[in-house]
Amino acid sequence: SLGSCFHLFASIVVTLSRIASILNMALLLAGKRLIQSAASSGRTALLSTAAVAQPAASATPSVKDVIIDLTFIDPSGARRKVPGLVGKSLHEICEMHGIDIGPASMAGVFEKVRSDTWTEPLYGEGPTSGFDHVLITGPGVDTAPPKNITEERMLNQYWEEDELFPESRLASVITLTKEMNGMTVYVPDRIVDDIP
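Residues numbered from 1 in each chain as written. Predicted model: local features only at pLDDT ≥ 70, side-chain atom pairs only at ≥ 80, totals over all residues. Heavy atoms only, no water.

Visitor: What is the right way to read the overall build of the protein from this model?
Guide: In terms of regular secondary structure, the protein is built from four helices and seven strands. Each helix and strand of the protein, placed in order from N terminus to C terminus, yields the pattern α-α-β-β-α-β-β-β-α-β-β. Of all 196 residues assigned to the protein, the portion counted as buried reaches 30%. In the protein, of all internal contacts separated by at least 6 residues, the share reaching a separation of at least 24 is 62%. (Helix = DSSP H or I, 4+ residues; strand = E, 2+ residues; numbered from the N terminus. Buried < 20%, exposed > 50% of the residue type's maximum accessible area, 1.4 Å probe, protein only. Contact = heavy atoms within 4.5 Å.)

Visitor: Looking at this structure, I do not really get the side chain of Thr 150. What am I missing?
Guide: Here Thr 150 shows up in helix α4 (residues 149-158). Residues in contact with Thr 150, not counting those within four places in the same chain, are Phe 110, Glu 125, Gly 126 and Pro 127.

Visitor: Would you explain the packing of aromatic side chains in this entry?
Guide: A ring pair, where both rings are aromatic, is described by two values, the distance of the centres and the angle of the planes. Applying the stated rule across the entire model yields one aromatic pair. Geometrically, the ring pair formed by Phe 131 and Tyr 158 is edge-to-face, given 4.9 Å between the ring centres and 70° between the ring planes. With a gap of 27 residues between them, Phe 131 in the loop between β4 (119-121) and β5 (133-137) and Tyr 158 in helix α4 connect regions that are remote in the sequence. The exposure class assigned to Phe 131 is buried, which follows from its relative accessible area of 19%. Looking at Tyr 158, the relative accessible area reads 29%, which means it is partly exposed. (Phe/Tyr/Trp six-rings, centres within 6.5 Å; stacked < 30°, edge-to-face > 60°.)

Visitor: Mind showing me how you'd approach the pattern of salt bridges here?
Guide: Pairing is possible between side chains of opposite charge, provided their charged atoms come close. Counting across every chain of the model gives four salt bridges. Of the charged contacts in the structure, one is a salt bridge between Glu 151 and Arg 169, with a shortest N-O distance of 2.8 Å. Here Glu 151, found in helix α4, pairs with Arg 169, found in strand β6 (residues 168-170); they are 18 residues apart in sequence, far enough to count as distant. The two residues Glu 151 and Arg 169 agree in class, both being buried. (Salt bridge = Lys/Arg side-chain N within 4 Å of Asp/Glu carboxyl O.)

Visitor: Looking at this structure, how should I read the sheet that holds strand β7 (residues 183-186)?
Guide: In any sheet, the strands associate via hydrogen bonds between backbone groups, in a parallel or an antiparallel arrangement. As summarised here, the arrangement of the five strands in space is β2-β1-β7-β5-β6, forming an open sheet in which the pairing is mixed. Since the sheet does not close on itself, it has two edges, and those belong to β2 (79-85) and β6, each with one partner. Across the sheet, the axes of successive neighbouring strands diverge by a mean angle of 40°, strand direction being ignored. Most of the contacts of α4 go to β6, to which it runs at about 105°, and overall it touches β5 and β6. (Pairing = 2+ DSSP bridges. Axes fitted to C-alpha atoms, helices over the stretch in contact; angles between N-to-C directions.)

Here's what the structure looks like:
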């Protein structure tokens, strides 16, 4: 599928950037060793550290920079710790790891918070179903976008009042951030969604 092709492409790009960084460091070390051996043998060489390739200050994040740990708790209380990718939705991470939280139906993004004082309306429909209800707690929860009116409406249409809490969110709306490392996600009992 297109999603798995994108995941494969993204992992290849990250891997290639890591390989480039490693090769750059190897060139730097080889150049320093060449200078040291020339200096220790007493030979004069027209080598300087400026002539040796310096590692580029790369803005490309390493794999460590884009992986966070998430703990999922199912209705029976069983815990499962899985890695998550920064920038992916919580629903996408559940699909990657085979955690069944129900289907997600996400139309265009409703709005995007650009700063503390400006939220840009993007005029998308936002979530169009409420099957992927989760409760999130722990580090980074405050970095999740605030609930908008569409998410509230979907939660209220699909779930009973006693099943909703302040921590209730739709997994398709939560985009993972680095600050969410160590976050706990409780997955409540599923709503039946496969009746023909």
